[in-house]
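# Structure at a glance
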Amino acid sequence: MRDRLLAAEKVKAIDWRDGALYLLDQRILPSAETWVACTSAAEVAEAIRTMVVRGAPAIGISAAYGLVLAARAHIAEGDDWQAAWEEDYALLADTRPTASNLFWAMKRMRDCLDRLKKHADPLAVLEAEAVAIHQSDREANLTMAQLGVELIRKHQGNVQAILTHGNAGALATGGVGTALGVIRGAFLEGMVERVYANETRPWLQGSRLTAWELANEGIPVTVNADSAGAHILKTKGVTWVIVGADCIAANGDVVSKIGTYQLAVCAMHHGVRFMVVAASSTIDLMAASGDDVPLEERDARELLEVGGTRVAADVDAFNPVFDVTPADLIDVIVTEKGIVERPDTAKMAQLMCRKRLH
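Only a predicted model underlies this, so the values are computations on that prediction, with no experimental measurement involved. (Residues numbered from 1 in each chain as written. Predicted model: local features only at pLDDT ≥ 70, side-chain atom pairs only at ≥ 80, totals over all residues. Heavy atoms only, no water.)

### As for the pattern of salt bridges
Threshold: Whenever a carboxyl oxygen of Asp or Glu lies within 4 Å of a side-chain nitrogen of Lys or Arg, that contact is scored as a salt bridge. Runs of H or I in DSSP of at least four residues are treated as helices and runs of E of at least two as strands, each being numbered from the N terminus.
Summed over the entire model, instances satisfying the criterion amount to 19 salt bridges. In this structure, the salt-bridge partner of Glu 139 is Arg 2, at a minimum N-O distance of 2.6 Å. With a gap of 137 residues between them, Glu 139 in helix H6 (residues 122-156) and Arg 2 in helix H1 (residues 2-8) connect regions that are remote in the sequence. A salt bridge links Arg 110 to Glu 86; the shortest N-O distance between them is 2.4 Å. Of the two residues, Arg 110 is situated in helix H5 (residues 100-114) and Glu 86 in helix H4 (residues 81-93); the sequence distance between them amounts to 24 residues.

### Digging into the side chain of Asn 251
Selection criterion: We call a residue buried when its accessible area falls under 20% of the maximum for its residue type, exposed when it is over 50%, and partly exposed in between, using a 1.4 Å probe and counting protein chains only. In the analysis that follows, any N or O atom pair within 3.5 Å is treated as a polar contact, provided that within protein one partner can donate a hydrogen and the other can accept it, and provided that, for residues neighboring in sequence, both atoms belong to side chains. Every residue pair with non-hydrogen atoms within 4.5 Å of one another is taken to be in contact.
Along the chain, Asn 251 turns up in the loop between strand S8 (247-249) and strand S9 (254-257). Looking at Asn 251, the relative accessible area reads 18%, which means it is buried. Of the polar contacts made by the side chain of Asn 251, one reaches the backbone nitrogen of Asp 253; its length is 3.0 Å. Those residues in contact with Asn 251 that lie beyond four places of it in its chain are Ala 288, Ser 289, Gly 290, Ala 327, Pro 343, Asp 344, Thr 345 and Met 348.

### Quick word on the environment of Lys 257
Tracing the sequence through the fold places Lys 257 in strand S9. Residue classification places Lys 257 among the buried positions, given a relative accessible area of 13%. Along the backbone, Lys 257 and Ala 278 are 21 residues apart, and their C-alpha atoms lie at a distance of 13 Å. Discounting chain neighbours no more than four positions away, the residues touching Lys 257 are His 165, Gly 166, Thr 200, Gln 205, Asp 246, Val 321, Phe 322 and Asp 323.

### Focus on H6
Inclusion rule: Take the number of residues in a helix, subtract one, and multiply by 1.5 Å to get its expected span.
With 35 residues, H6 should cover 51 Å at 1.5 Å per step; its first-to-last C-alpha distance of 51 Å lies within 8% of that length. Two or three places before Leu 123, at the start of H6, stands the capping residue Asp 121, its side-chain oxygen 3.1 Å from that residue's backbone nitrogen.

### Looking at the packing of helix H3 (residues 56-75) against H6
Note the following rule: Inter-axis angles, ranging from 0 to 180 degrees, are taken between N-to-C directions of lines fitted to C-alpha atoms, where helices are fitted over the stretch in contact. Orientation categories follow fixed angle ranges, with anything under 35 degrees roughly parallel, anything over 145 roughly antiparallel, 65 to 115 roughly perpendicular, and all other angles oblique. Residues were grouped as follows: Ala, Val, Leu, Ile, Met, Phe, Trp, Tyr, Cys and Pro as nonpolar; Asp, Glu, Lys and Arg as charged; and all remaining residues, including Gly, as polar.
Two elements in contact, H3 and H6, have axes separated by 9 Å at closest approach and are oriented at 170°. As judged from the angle between their axes, H3 and H6 are roughly antiparallel. Between H3, through Pro 57, Ile 61, Ala 64, Tyr 65, Val 68, Ala 71, Arg 72 and Ile 75, and H6, the contact on the second element is made entirely by Pro 122, Leu 123, Leu 126, Glu 127, Ala 130, Val 131, Ile 133, His 134 and Asp 137. Grouping the amino acids of the contact of H3 with H6 by side-chain chemistry returns 13 nonpolar, one polar and three charged.

### Considering the packing of aromatic side chains
What counts is decided by this rule: Put simply, two rings from Phe, Tyr or Trp (the six-membered ring, in Trp's case) pair if the centres are within 6.5 Å, and we call them stacked under 30 degrees between planes, edge-to-face over 60, tilted for the rest.
A complete count under the given rule lists two aromatic pairs for this structure. On the numbers, 4.7 Å between centres and 10° between planes, the contact of Trp 16 with Tyr 65 is stacked. In this pair, Trp 16 sits in strand S1 (residues 14-17) while Tyr 65 sits in helix H3, placing the two residues 49 residues apart along the sequence. Given a relative accessible area of 15%, Trp 16 falls into the buried group.

### As for the UniProt feature "binding site: substrate" (unreviewed entry) in the protein
To keep things clear, this is the line we draw: UniProt positions are given in the numbering used here, feature names are shortened, and annotations may be inferred rather than shown by experiment.
UniProt's feature table lists "binding site: substrate" (unreviewed entry) at Arg 54, Gly 55, Ala 56, Arg 96, Gln 205, Ser 256 and Lys 257, given in the numbering used throughout. Note that Ser 256 resides in strand S9.

### Quick word on the sheet that holds strand S4 (residues 160-164)
Which entries qualify depends on this criterion: A pair of strands is considered paired only if DSSP assigns at least 2 bridges between the two.
One open sheet holds the seven strands; their spatial order is S6-S5-S4-S7-S10-S15-S16, and the pairing between them is mixed. The open sheet terminates on both sides in strands that have one partner only, identified here as strand S6 (221-224) and strand S16 (338-341). For this sheet, the mean inter-axis angle between neighbouring strands, taken without regard to orientation, is 25°. The pairing of strand S10 (residues 273-277) with strand S15 (residues 332-335) spans three bridges and is parallel. Paired with Met 275 across the strands is Val 332, a residue of S15. H6 contacts S4, strand S7 (238-243), S10, S15 and S16 of the sheet and is inclined by roughly 145° relative to S15.

### Re the pairing of S16
Working note: regular strand, side chains alternate between the two faces of the sheet. The alternating pattern of S16 places Gly 338 and Val 340 on a buried face and Ile 339 and Glu 341 on a face that is not buried. When S15 meets S16, the two strands line up antiparallel, connected through four bridges. Across the sheet, the residue bridging to Val 332 is Glu 341, located in S16.

### Some words on unusual backbone geometry
Residues apart from glycine generally show negative phi values, whereas peptide bonds are mostly found in trans. In this structure, Pro 30 follows Leu 29 across a cis peptide bond, with omega equal to 0°. Cis geometry is found at the peptide bond from Arg 201 to Pro 202, where omega equals 0°. Relative to the assigned elements, Pro 202 resides in the loop between strand S5 (192-198) and helix H8 (205-216). A positive phi is found at Met 51, a non-glycine position, where the angle reads about 75°.

### Digging into the sheet that holds strand S11 (residues 283-284)
Across the sheet, four strands lie side by side as S11-S8-S9-S14; this open sheet has mixed pairing. Each end of this open sheet is capped by a strand with a single partner; those strands are S11 and strand S14 (322-325). Summarising the sheet, S9 and S14 pair through four bridges and their orientation is antiparallel. Looking at the pairing, Lys 257 lines up with Phe 322 of S14. Sheet strands touched by helix H10 (residues 260-269): S9 and S14. Its angle to S14, the strand with the most contacts, is close to 30°.

Shown next, in the form of structure tokens:
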């Protein structure tokens, strides 16, 4: 299946070439496919902050390349370049507070710099590390896809419907996706009849991005309003809800796109299995539970306006980006290190002690 997934790859959001980072502008998909060139850490930070690039793994990969651009700029300035590099490090770290992959990737870049041998070329070493982070995520996606498909086959291998929320596909990662990687693999194996994609307000990641990815690959997809999720679980023969994650706490609580929590509650009520697919870099063992993870809130205008035009009454708006799905609502967490069924603190700690399966 791995080779079939690779052959089916049609979408990528991140391209590092000729010393610059190119990001597919996800704010305007699917209307136009426009690439934004970033040649400095500040430009990468702005791209992350303004949602040119989004999805926890993609944010982490982009930040790693941003630190390469920072090193290139500051090494040319003189011997004390690392102090200026740390300023760019702080700038990138301040872009999105919830995504664990951002801080994981940046720490990996700093650790790489700390290990730098005296006569090594810091720019070459940092670039190689960023490329390795990117490639590692691609490989992790493939492993997770295989594990997730085997779970679906184990529990119900016949043709079925799947519901997903947000976008956890190629646009959000360095490969075929986390949740969408599993869905892609299951479709290739003949186990998916239809995918229902919650529209995912207010940025519409489901209707703009997930539906676009799946439709481009000939996977039957139907977009529905977020508020129709429970009705679909009741009436459309959905057997799995499959989502990604932006952070997973030590006890298995999952921080993901706002609306995931209520979907998990509805899935449990209707006896529908709930799968979270995320790389191990998404797991933060320093956060004992989801209550310890900072949850980003964004500008109220994202809810009150459409295309810059006010559509709501003259009122305030609450616009949280993420919510916390308690571990006891989750059937399984799939990572490249393996799977955890009915997650808890002991099982998550055991998972993180493993090496990768590939």
